[in-house]
Amino acid sequence: MYPEYMHPSLKKVEQTRNKRFELAKSGKPVFPPMSAEERDTVLHKFHPDYKSDARRKVHIGPNKGEVITSEVADILESHSRIDPSLFDLSSPDYETDILIIGGGGAGCAAAITAMQEGSKSVVSTKLRLGDANSMMSQGGMQAATSVTDTPTRHYLDAIGGGHFDNKPELVRALTEDGPEIVKWLENLGVVWDKDDEGNLQLLHGGGTSRRRMHSCRDYTGAVILRTLMDEVRNHPDKITYLEFMPTVELILDSKGRVAGGILYNMETEEYFTVKANATIIATGGYGRLHIRGFDTTNHYGATADGLIMAYRAGARLLYMDSVQYHPTGAVFPEQIAGFLITEKIRGAGGQPVNKEGELFVFPREPRDVESSAIIRECYEKMMGIKTPSGRLGVWLDSPLIEMLQEEGYINKQFPAMHRQFIHYGIDITKEPMLVYPSLHYQNGGIEINDKCETNLPGLFVAGEASGGVHGRNRLMGNSVLDYNVFGRRAGLNAAAYIKSVKLGPLSLQHVSDYEKALKDAKIKTNRIAPVLLPSYTPENVRKRQLTSHYEGTLR
């Protein structure tokens, strides 16, 4: 329950609700959407990406000289976990057609599609199969399936939302494949929300011109990934998945083609080698780097592993100067700080209001603009609400949804959200939620084309680890579509690629070369990467852990 000192502000939200309800019910805009100039101003003044120390040059590797997010530059300029000289690559522990690194939505979709093309795969996953951001997405998946919508409209929305920095060929693939993905998932067993007449239920998302958000209540990611995981598990003869065995370095052959990876068993602390004719990186994002110190919506293993391995091997990165903060992460109760409050809440009529109960931004601005407006409200206008630990937030008026839709709508459409807050004595059908932007998505990543190919032969990338699909800002629901579209494309094109590949001798020379590049650039660091798991050990305790020679070790 909310502390007593917050009750006067809660009362003001309640007092303004009827007036805001009448305006919302009228069909008129509840708040004027920002112009392009206003959006640009609020982004440059308040978005964390634009702070003076938010970015720096990276000094080695394929993107040398580019200005990227500081924490990403730090993790790229790190030591490997392995000594290449200790590995005998002449007798791999596993041999397979395709090595898939990551067991979330993109990895599972790739494995299923590759299997349908006759290829076998090994899925290397850091935690359990399905422990991924894919499982945690709530609100829905965009796809142009209604009679008033088209992939072209979806394309224009996505391009605009990405500030026109998206790679057009990738956005075309994303939006044109969308309707087929809806059918594909339904055929696999996904049960989409539908109305009483059996039509797909579609809602608005921020930055969209049409209703195209498909959902499974607020369990969308869980329902989709459970379905994909079941299909993976149904074919053990074609798909082998190795849990708690992340890939920590790529292997190349004598011609520079990616030819598998070094895996680390997190339970036995042993290393294993996998030889593969093609490799797909599907490792997701980097939320657990806690960029700019923000809380995150991401799962425990989201530590940029795929970026690091690919970069050491010579893959180019794209748009690594851009971070997405979801406008509405929970800030109270503080036990769930960073917890995602789906954009579907605002799509259904929920409104962000300040401590006086005043609506201060159009509820469905693109995510970076909405986040910046909330930060402005809290820190420039001083109209936020402070939590007992000193965090600031604004109210997300969820009771308004029950008035606009119908009584019981929240419990029907957002059962997981409702239960999450009831656990802490807050009934979101009667009281608003306290929210603030939360580190949510890796806008950039490894550069790919529409076949998911990188500049390294034999290396494909799908899902959040890739860059270019969303430009510098992703619209809601496009990530779920992304990992399905490009997961399938990666599986399809990797299966086609391996038909003409005959690998040469295997090598880890690129790891040694990267270490030399660190030395030549006079980069002194105690970081090792991939990090694998984030450390939340207090600094005073870490200083006493004398076995931890490097930051980022498991202990």
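None of these values were measured; they are calculated from a predicted model. (Residues numbered from 1 in each chain as written. Predicted model: local features only at pLDDT ≥ 70, side-chain atom pairs only at ≥ 80, totals over all residues. Heavy atoms only, no water.)

(A) The overall build of the protein, seen in detail. Across its full length, the protein holds 17 helices and 20 strands. The C-alpha atoms of the protein give a radius of gyration of 23 Å, which matches the 24 Å a tight globule of 555 residues would have. C-alpha extents for the protein along the principal axes are approximately 75 × 55 × 40 Å. Across the 555 residues that make up the protein, the buried fraction comes to 60%. (Helix = DSSP H or I, 4+ residues; strand = E, 2+ residues; numbered from the N terminus. Rg over C-alpha atoms; globule rule 2.2 N^0.38 Å. Buried < 20%, exposed > 50% of the residue type's maximum accessible area, 1.4 Å probe, protein only.)

(B) Summary view of the domain arrangement of the protein. We note that the domain assignment places domain 1 (4–30 + 326–439) and domain 2 (76–322 + 443–507) within the protein. Each partner contributes to the interface: domain 1 provides 27 residues, whereas domain 2 provides 27 residues. In terms of surface lost to domain 2, no three residues of domain 1 exceed Lys-344, Arg-367 and Leu-439, which account for 30% of the buried area on that side. Inspection of the domain 1/domain 2 interface yields 2 salt bridges. The closest approach of N and O atoms between Lys-344 and Asp-193, which form a salt bridge, is 3.8 Å. Here domain 1 is connected to domain 2 by 20 residue pairs in polar contact (both at pLDDT 80 or more). (Domains from an automatic or database assignment. Contact = heavy atoms within 4.5 Å. Buried area = accessible area lost by both parts, 1.4 Å probe. Salt bridge = Lys/Arg side-chain N within 4 Å of Asp/Glu carboxyl O. Polar contact = N/O pair within 3.5 Å; in protein donor to acceptor, adjacent residues only side chain to side chain.)

(C) View of the side chain of Arg-474. Note on placement: Arg-474 falls in the loop between strand E19 (466–467) and helix H15 (478–497). Buried and unpaired, Arg-474 has Asp-482 as its nearest opposite-charge partner, separated by 6.7 Å. Of the polar contacts made by the side chain of Arg-474, one reaches the side chain of His-440; its length is 3.3 Å. A distance of 3.2 Å separates a polar atom in the side chain of Arg-474 from a polar atom in the side chain of Ser-479. Discounting chain neighbours no more than four positions away, the residues touching Arg-474 are Gln-324, Arg-367, His-440, Tyr-441, Asn-443 and Ser-479. (Lys, Arg positive; Asp, Glu negative; His and termini not counted.)

(D) Region of interest: the sheet that holds E19. Ordered by their spatial adjacency, 3 strands build an open sheet running E11-E17-E19, and the pairing between neighbours is mixed. If you trace the sheet from one side to the other, it starts and ends with strand E11 (317–318) and E19, each paired once. As defined by bridge partners, E11 adjoins strand E17 (residues 445–447) across 2 bridges and the pair is classed as antiparallel. Note that in E17 the partner of Leu-317 across the bridge is Ile-446. On top of the sheet, helix H9 (residues 305–313) reaches E11 and E17; it is set at about 40° to E17, its chief contact. (Pairing = 2+ DSSP bridges. Axes fitted to C-alpha atoms, helices over the stretch in contact; angles between N-to-C directions.)

(E) Broad picture of helix H1 (residues 7–26). For H1, with 20 residues, the first-to-last C-alpha span of 29 Å sits near the 28 Å given by 1.5 Å per residue. Turning to H1, its buried residues are Ser-9, Leu-10, Val-13, Arg-17, Arg-20 and Phe-21. Of the residues flanking the end of H1, it is Gly-27, one or two places downstream, whose phi is positive at about 90°. (Expected span 1.5 Å × (residues − 1).)

(F) Broad picture of the pattern of salt bridges. Taken as a whole and judged by the stated rule, the model has 32 salt bridges. Note that Asp-305 is salt-bridged to Lys-126, the shortest N-O span being 2.8 Å. Here Asp-305 is found in helix H9, whereas its partner Lys-126 is found in the loop between strand E4 (121–124) and helix H5 (133–136), with 179 residues between them in sequence. The exposure class of Asp-305 is buried, given its relative accessible area of 6%. Three or more residues are tied together by salt bridges with common partners; here these are Arg-56, Asp-74, Glu-77 and Arg-527.

(G) Examining unusual backbone geometry more closely. That bond from Phe-332 to Pro-333 is cis: its omega, 0°, falls within 30 degrees of zero. Locating Pro-333 in the fold gives a position in the loop between strand E12 (323–332) and helix H10 (344–347). A cis geometry characterises the amide bond from Ala-529 onward to Pro-530, with omega recorded as 5°. Here Pro-530 lies in the loop between helix H16 (509–520) and helix H17 (539–542). Despite not being glycine, His-163 has its phi angle at roughly 60°, a positive value. Position of His-163 relative to the elements: it lies in the loop between helix H6 (151–161) and helix H7 (168–188). The class for His-163 is partly exposed, based on a relative accessible area of 31%. Positive phi outside glycine occurs at Cys-452, with the angle close to 70°.

(H) A look at the environment of Asp-513. In this fold, Asp-513 is placed in helix H16. C-alpha separation for the pair Asp-513 and Ile-448, spaced 65 residues apart in sequence, amounts to 24 Å.

(I) Here's a closer look at the packing of helix H4 (residues 105–116) against helix H8 (residues 220–233). Running from N to C, H4 and H8 cross one another at 40°; their axes reach a closest spacing of 9 Å. Taken together, the axis directions place H4 and H8 in an arrangement best described as oblique. Here the hand of the crossing between H4 and H8 comes out left-handed. In contact with Gly-105, Cys-108, Ile-112 and Met-115 of H4, H8 contributes Leu-225, Leu-228, Met-229, Glu-231 and Val-232. Tallied by class, the residues present in the contact of H4 with H8 amount to 7 nonpolar, 1 polar and 1 charged. (Parallel < 35°, antiparallel > 145°, perpendicular 65-115°, else oblique. Left-handed = near helix turned anticlockwise from the far one by under 90°. Nonpolar A, V, L, I, M, F, W, Y, C, P; charged D, E, K, R; others polar.)

(J) Quick peek at the packing of aromatic side chains. Using the criterion set out here, one finds 11 aromatic pairs in the structure. With 4.5 Å between their ring centres and 50° between their planes, Phe-294 and Tyr-325 make a pair best called tilted. Of this pair, Phe-294 sits in the loop between strand E10 (271–281) and H9 while Tyr-325 sits in strand E12; the two residues are 31 residues apart in sequence, bridging distant segments of the chain. For the pair Phe-294 and Tyr-325, one class covers both residues: buried. For the pair Phe-460 and Tyr-497, a centre-to-centre distance of 5.7 Å together with 70° between the ring planes defines the contact as edge-to-face. Of the two residues, Phe-460 is situated in strand E18 (residues 459–461) and Tyr-497 in helix H15; the sequence distance between them amounts to 37 residues. (Phe/Tyr/Trp six-rings, centres within 6.5 Å; stacked < 30°, edge-to-face > 60°.)

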